[in-house]
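Reading the structure
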Amino acid sequence: QRGMTFTAAEVSLAYQMLGHVGYYRLAGYAKCFERPIGAGIPAHTYNPGTSFTQVVDLYSFDQELRNLCGEALQRIEVSLRTVVCNKLSLAHQNALWYAESNVFTPPTVAETTAGKAVMQRIYRAFEFDVQTGAAWTQRIAGRHPQLDAFYARHSGPPPGWVLREIGSFGLWSKIFTDLSDGALRQSIAIEYKYPD
């Protein structure tokens with residue numbers, strides 16, 4: 001009724017796609033085929049010749065592109081986490097490099113108050129209470145198997161390589177940004193042939 005065409009094969013595909021992808025998601029991909037609203041043109045009317053296959057093709061292209069980008073971004077993220085962690089561990093000769101006072105630029109009062117200082121974020125990722133010197137008593141077991149394994153055998157804060165596995169990409173970005181040693185930051189950037 002809104003102008004999209006369906007062959008007999010597309011009707012079958014439509015039922016399959018609607019059952020497994022959903023109308024709302026597909027409607028988002030069909031939006032670019034809609035005619036501009038104007039005199040006598042109702043909203044959500046499709047351009048002449050718009051077929052369901054065109055919408056499915058656009059959806060499929062988007063999914064493939066997302067998968068390719070996701071795979072590439074995962075490689076970049078794993079690499080960045082590893083390079084930053086290794087450089088910091090070697091530079092400070094300490095698995096707890098993040099706890100040294102001179103590693104990061106001093107946080108602002110606002111960052112500290114909001115719990116956004118890099119040190120606070122690291123200990124939160126570790127689910128570690130600095131005041132008690134132990135893991136959170138209310139931590140959720142199973143959320144981070146690496147932390148579970150560490151806390152089952154050790155006390156005290158985990159080493160940096162555990163953070164490499166559990167810290168978010170945003171946290172690693174903050175770690176890099178807040179490094180006080182510009183030469184160390186530059187040496188990390190050089191790994192990617194990119195200026196700091």
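See above for the structure.
Since this is a predicted model, take the numbers as computed values, not measurements. (Residues numbered from 1 in each chain as written. Predicted model: local features only at pLDDT ≥ 70, side-chain atom pairs only at ≥ 80, totals over all residues. Heavy atoms only, no water.)

Here's the deal with the overall build of the protein chain
Helix and strand counts for the protein chain come out as nine helices and two strands. For the protein chain, the succession of helices and strands along the chain, N to C, is α-α-α-α-α-β-β-α-α-α-α. Relative to the globule expectation of 16 Å for 196 residues, the C-alpha radius of gyration of the protein chain, 25 Å, shows a markedly less compact shape. Counting only C-alpha atoms, the protein chain reaches 70 × 40 × 30 Å along its principal axes. Split into buried and exposed, the 196 residues of the protein chain put 32% on the buried side. In the protein chain, 57% of the contacts between residues at least 6 apart in sequence involve partners at least 24 apart. (Helix = DSSP H or I, 4+ residues; strand = E, 2+ residues; numbered from the N terminus. Rg over C-alpha atoms; globule rule 2.2 N^0.38 Å. Buried < 20%, exposed > 50% of the residue type's maximum accessible area, 1.4 Å probe, protein only. Contact = heavy atoms within 4.5 Å.)

A closer look at the packing of helix α5 (residues 118–125) against helix α8 (residues 169–177)
Where α5 contacts α8, the two axes come as close as 10 Å, and the packing angle between them is 145°. Crossing angle aside, the handedness with which α5 passes α8 is left-handed. Residues V118, R121, I122 and A125 of α5 lie in contact with α8, whose contacting residues are G170, L171, K174 and I175. For the contact of α5 with α8, a count of residues per class yields five nonpolar, one polar and two charged. (Axes fitted to C-alpha atoms, helices over the stretch in contact; angles between N-to-C directions. Left-handed = near helix turned anticlockwise from the far one by under 90°. Nonpolar A, V, L, I, M, F, W, Y, C, P; charged D, E, K, R; others polar.)

Re the layout of surface pockets
The computed volume of the largest pocket comes to approximately 320 Å³. Lining the largest pocket are 16 residues, and of these R2, M4, F6, Y23 and Y46 lie nearest its centre. Only α1 (8–20), α2 (23–30) and α3 (52–92) provide two or more residues apiece to the lining of the largest pocket. When the residues that make up the lining of the largest pocket are grouped by side-chain class, the tally is 13 nonpolar, two polar and one charged. (1 Å grid on protein atoms, 1.4 Å probe; cavity = no way out; pocket = protein on both sides within 12 Å on 5 of 7 lines; lining within 4 Å. Points joined across faces, edges and corners; volume = space filled by probe spheres on them.)

Topic: the packing of aromatic side chains
Enumeration over the complete set of coordinates arrives at eight aromatic pairs. Centre to centre, the rings of W97 and W172 are 6.1 Å apart; their planes meet at 50°, and the pair counts as tilted. Placement of W97 in the loop between α3 and α4 (109–113) and of W172 in helix α8 is noted, with a sequence separation of 75 residues between them. Pair check on accessibility: W97 and W172 agree, each one buried. Plain terms: the ring middles of Y98 and Y123 are 5.8 Å apart, the flat faces sit at 75° to each other, and that makes the pair edge-to-face. Of this pair, Y98 sits in the loop between α3 and α4 while Y123 sits in helix α5; the two residues are 25 residues apart in sequence, bridging distant segments of the chain. As far as the burial class goes, Y98 and Y123 line up, both buried. Put simply, the rings of W97, Y98, Y123, F126, F128 and W172 touch in pairs and so form one group of aromatic residues. (Phe/Tyr/Trp six-rings, centres within 6.5 Å; stacked < 30°, edge-to-face > 60°.)

Some remarks on the pattern of salt bridges
A side chain of one charge can pair with a side chain of the opposite charge if their charged atoms are brought near each other. Applying the stated rule across the entire model yields eleven salt bridges. E34 serves as the salt-bridge partner of K31, at 3.5 Å between the closest nitrogen and oxygen. Note on K31: relative accessible area 45%, which makes it partly exposed. The residue R66 makes a salt bridge to D62 at a minimum N-O spacing of 2.8 Å. Here R66 pairs with D62, and both are found in helix α3, just four residues apart, close to one helical turn. By relative accessible area, which is 53% here, R66 ends up exposed. Judged by its relative accessible area of 17%, D62 falls in the buried class. (Salt bridge = Lys/Arg side-chain N within 4 Å of Asp/Glu carboxyl O.)

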